[in-house]
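Inside the fold
The primary structure of each chain is shown beneath.
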Amino acid sequence: MGTLLHFKNIYLAAFENCKPEFVVVFLKIYSVFCVAMLSMALYALLFRAFTGFEF
């Protein structure tokens, strides 16, 4: 759990005192989008691995 808090602190510190504000909002949305894409790719890989890579 400490690792997640560490990553949260790094994420929040990355956007402190950043201007312009719309770029900060865009980067935050983009980072959430990237996490979603990576988690879907990891899920697909694990699903294929556990089902025998049947196509």
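Just above sits the structure.
In this text the structure is predicted, and so the values were computed from the model without any measurement. (Residues numbered from 1 in each chain as written. Predicted model: local features only at pLDDT ≥ 70, side-chain atom pairs only at ≥ 80, totals over all residues. Heavy atoms only, no water.)

Let us look at the state of the cysteines. The final tally for this structure, using the stated rule, is zero disulfides. Free of any disulfide, Cys-18 has its nearest neighbouring cysteine sulfur in Cys-34, separated by 17 Å. Here Cys-18 falls in the partly exposed class, since its relative accessible area comes to 26%. Judged by relative accessible area, Cys-34 falls into the partly exposed class, the value being 27%. (Disulfide = S-S within 2.5 Å. Buried < 20%, exposed > 50% of the residue type's maximum accessible area, 1.4 Å probe, protein only.)

What follows is about a nonpolar patch on the surface. Where nonpolar side chains cluster on the molecular surface, the patch consists of Phe-22, Val-23, Phe-26, Leu-27, Tyr-30, Phe-33, Met-37 and Met-40 and spans about 830 Å² of accessible area. Position of Phe-33 relative to the elements: it lies in helix H2 (residues 21-50). The class for Phe-33 is partly exposed, based on a relative accessible area of 44%. (Patch = residues over 30% accessible without salt bridge, like charges linked within 9 Å, V, L, I, M, F, W, Y side chains within 5 Å. Areas by Shrake-Rupley, 256 points an atom, 1.4 Å probe, with all protein chains shown as cover. Salt bridge = Lys/Arg side-chain N within 4 Å of Asp/Glu carboxyl O. Helix = DSSP H or I, 4+ residues; strand = E, 2+ residues; numbered from the N terminus.)

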